[in-house]
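# Architecture at a glance
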Amino acid sequence: MHRILLLGVLLAALLPAADAAAARPLQKALWGPAAIDGVSQFPLYKDLDVDLFQIQLRWERVATDRPADPTNPADPVYRWPKDLDLAVEEGRRHGVKVLVLVQGAPTWSNGRLPWTTPPEDVRDYANFLVAAARRYPSVRHWMIWGEPLRNINWPGFDRSDQGRLRIAQTYARLLDAAYAALKRESRRNVVIGGNTFTTDRTSQSWAPVPLYEWMRILRLPNGKVPRMDLWGHNPFTIRFPRLKDPPSANQGDFSDLDRVLGRLKRTVSRKARRRIPLFVSEWCLPTGPNDLFRLELTYQQQARWLRRAFAIARARRDIWGMGWWELQDDRPPEGSDRANRCGLLDADGNQKPAADVFRRARTARR
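Please read these numbers as outputs of a predicted model, since none were measured by experiment.

From N to C terminus, the protein chain includes ten helices and twelve strands. A compact globule built from 366 residues should have a C-alpha radius of gyration of about 21 Å, and the protein chain, at 21 Å, falls within 12% of that. By principal-axis analysis of the C-alpha atoms, the protein chain measures approximately 70 × 50 × 45 Å. Here the protein chain holds 366 residues, and 56% of them are scored as buried. Pairs at least 24 residues apart make up 68% of the contacts formed inside the protein chain by residues separated by at least 6 positions. Total accessible area on the protein chain stands at roughly 17100 Å², and carbon and sulfur atoms take up 52% of it. Looking at the protein chain, you have 59 positive and 40 negative side-chain charges, and the mean spots of the two groups are 9 Å apart.

Bringing the state of the cysteines into the picture now. For the structure on display, the rule yields one disulfide. Put simply, Cys284 and Cys342 are joined by a disulfide, and their sulfur atoms are 2.3 Å apart. Of the two residues, Cys284 is situated in the loop between strand E11 (278-280) and helix H9 (299-315) and Cys342 in the loop between strand E12 (319-325) and helix H10 (353-360); the sequence distance between them amounts to 58 residues.

Right, let's get into the packing of H9 against H10. Remark: H9 packs on H10, axes separated minimally by 8 Å, with the N-to-C direction vectors making an angle of 20°. The angle between H9 and H10 falls in the class roughly parallel. For the crossing formed where H9 meets H10, the hand is right-handed. Residues Tyr299, Gln302, Ala303, Leu306, Arg307 and Phe310 of H9 pack against Pro353, Ala354, Val357 and Phe358 of H10.

For the rest of this paragraph, the subject is helix H4 (residues 82-94). Between its first and last C-alpha atoms H4 spans 18 Å; for 13 residues at 1.5 Å apiece the expected length is 18 Å, and the two agree. Residues of H4 that are buried: Leu84, Ala87, Val88, Glu90, Gly91 and His94. Contact partners of the buried residues in H4: strand E3 (39-40), helix H2 (42-47), strand E4 (52-58) and strand E5 (97-103). Among the residues trailing H4, Gly95 stands out with phi positive, at a value near 75°.

This part is about the packing of aromatic side chains. Scanning all chains against the criterion turns up 20 aromatic pairs. A ring pair is formed by Phe42 and Tyr45, whose centres lie 5.2 Å apart and whose planes are at 85°; its orientation type is edge-to-face. With a gap of three residues between them, Phe42 and Tyr45 both fall in helix H2, about one helical turn apart. Considered together, Phe42 and Tyr45 belong to a single accessibility category, that of buried residues. Each member of the aromatic cluster is reached from another via a ring pair, and the members are Trp59, Tyr78, Trp80, Trp108, Tyr125, Phe128, Tyr136, Trp145, Trp154, Tyr171 and Trp214. Over the ring of Trp115 we find Arg58; its NZ or CZ atom is 3.6 Å from the centre of that ring. Here Arg263 stacks its cationic end above the ring of Tyr212, 4.1 Å away from the centre of that ring.

Another aspect to go through is a positive patch on the surface. A surface patch of positive charge is lined by Arg263, Lys265, Arg266 and Arg270. On the secondary structure map, Arg263 appears in helix H8 (residues 257-272). We classify Arg263 as partly exposed; its relative accessible area is 31%.

This part covers the confidence of the model for the protein chain. Per-residue confidence for the protein chain averages 90 on the pLDDT scale, and 90% of its residues sit at or above 70. Below pLDDT 50 for its whole length, residues 1-22 participates in two contacts with residues either more than four positions away or in separate chains.

Bringing the packing of helix H5 (residues 122-135) against helix H6 (residues 161-185) into the picture now. Angle between the axes and distance between the axes are the two parameters that describe a pair of packed helices. Between H5 and H6, the shortest axis-to-axis distance is 9 Å and the interhelical angle comes to 35°. Between H5 and H6 the crossing geometry is right-handed. Taken together, the residues of H6 that come into contact with H5 (itself represented by Val122, Tyr125, Ala126, Leu129, Val130, Ala133 and Arg134) are Arg173, Leu174, Ala177, Ala178, Ala181, Leu182 and Glu185. Grouping the amino acids of the contact of H5 with H6 by side-chain chemistry returns eleven nonpolar, no polar and three charged.

Another aspect to go through is the layout of surface pockets. In this structure, the second largest pocket spans a volume of roughly 190 Å³. For the second largest pocket, the full set of lining residues is Trp31, Gly32, Pro33, Ile36, Trp325, Glu326, Gln328, Asp329 and Asp330. Residue classes in the lining of the second largest pocket are distributed as four nonpolar, two polar and three charged.

This paragraph deals with H10. For H10, every residue scored as buried is listed here: Ala354, Ala355, Val357, Phe358 and Arg359. In this fold, the buried residues of H10 make contact with strand E1 (27-31), H2, H9 and E12.

Moving on, we come to the pattern of salt bridges. The final tally for this structure, using the stated rule, is 26 salt bridges. Between Asp161 and Arg164 there is a salt bridge, with its nearest N and O atoms 2.7 Å apart. In this pair, Asp161 and Arg164 both sit in helix H6, three residues apart, roughly one turn of the helix. Residue classification places Arg164 among the buried residues on the basis of a relative accessible area of 12%. Among the ionic contacts, a cluster of salt bridges with common partners joins Asp47, Asp356, Arg359 and Arg360.

To continue, consider the pairing of strand E6 (residues 141-144). Here E6 shows two buried faces, one formed by His141 and Met143 and the other by Trp142 and Ile144. Across four bridges, E5 lies against E6 in parallel orientation. Bridge pairing links Val100 to Trp142 in E6. The handedness of the E5 to E6 crossover, carried by H5, is right-handed. Note that E6 and strand E7 (residues 190-197) share three bridges and pair parallel. Directly across from Met143, in E7, lies its bridge partner Ile192.

What counts, and where the lines are drawn
- Residues numbered from 1 in each chain as written.
- Predicted model: local features only at pLDDT ≥ 70, side-chain atom pairs only at ≥ 80, totals over all residues.
- Heavy atoms only, no water.
- Helix = DSSP H or I, 4+ residues; strand = E, 2+ residues; numbered from the N terminus.
- Rg over C-alpha atoms; globule rule 2.2 N^0.38 Å.
- Buried < 20%, exposed > 50% of the residue type's maximum accessible area, 1.4 Å probe, protein only.
- Contact = heavy atoms within 4.5 Å.
- Areas by Shrake-Rupley, 256 points an atom, 1.4 Å probe, with all protein chains shown as cover.
- Lys, Arg positive; Asp, Glu negative; His and termini not counted.
- Charge placed at Lys NZ, Arg CZ, Asp CG, Glu CD.
- Disulfide = S-S within 2.5 Å.
- Axes fitted to C-alpha atoms, helices over the stretch in contact; angles between N-to-C directions.
- Parallel < 35°, antiparallel > 145°, perpendicular 65-115°, else oblique.
- Left-handed = near helix turned anticlockwise from the far one by under 90°.
- Expected span 1.5 Å × (residues − 1).
- Phe/Tyr/Trp six-rings, centres within 6.5 Å; stacked < 30°, edge-to-face > 60°.
- Lys NZ or Arg CZ within 6 Å of the ring centre and 35° of its normal.
- Patch = residues over 30% accessible without salt bridge, like charges linked within 9 Å, V, L, I, M, F, W, Y side chains within 5 Å.
- Salt bridge = Lys/Arg side-chain N within 4 Å of Asp/Glu carboxyl O.
- pLDDT = per-residue confidence, 0-100.
- Nonpolar A, V, L, I, M, F, W, Y, C, P; charged D, E, K, R; others polar.
- 1 Å grid on protein atoms, 1.4 Å probe; cavity = no way out; pocket = protein on both sides within 12 Å on 5 of 7 lines; lining within 4 Å.
- Points joined across faces, edges and corners; volume = space filled by probe spheres on them.
- Pairing = 2+ DSSP bridges.
- Right-handed = clockwise from strand over helix to strand, strands pointing away.

Now the structure itself:
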């Protein structure tokens, strides 16, 4: 009897924590400019109920020469971008958190190769992250390189089995070094790794490593999974979000998220011996002719697809957040009707119906 009572007490102590974890709201994130024509966009981000403003920090632009004191943000070499300074300040004023994607290696770090080529010594990248974290102490969310699967983002390797393994191991070392450096600076820092996207299973024209293989082979040389808090994934799609649909011709679109989460659990979380939730960092639905996607939706379709995507993400406790790319459509160049039209706003700044869907999207778990 005493054992039963003790078990009941233990369960009662554990249940509130479990309920709190389950009730943690879905995070809403958005890529966009800090300002347009000198005018801060953060009042608009606040109105859209954005939790996280996402912005890129290019290492090779900040540190064109090797710094003498690389972890010191005041080192004379560093030239910190004004748009990030503005974003952090405006985010603080308007109650919007800032997430920073850090990528791009200076030529002094990667053997005088293009900026997309990773550094020869991952400690150089980790030291830069420490400097960035010290300059922006209110920033707690750090993304480690964007879509390293893409040839354009992580070049210089062949597509043989050994070449793909080198890609994965090189990124794994970079990610793990970044994690260690950021956590030493503050345990509150959240490190986002993996950073995959929808890949074609056959042509490999965009990615030398297929998505599910990347999840399997992303390992350090000792075989361990690199440390991270969240797995970033960009599930671009050309079909209506519906988890019951069969696997797509591509790997990892929005309707494939159950399969992506299953692979994440089996090949990453299980090997790491800890649960790693998924963060949908980038996703968009274009509304008209564009050069990026084989998809052209009406404004009403964009809103309906986005509403459905939020419903799916809210129902999955292993999806940490939903990110949208981006705030506003571009204007097409002269003589063309094609442009990036993924915005929640049109090129004139008028809100599309999807903006209201984003604003009103319920983020409380079911």
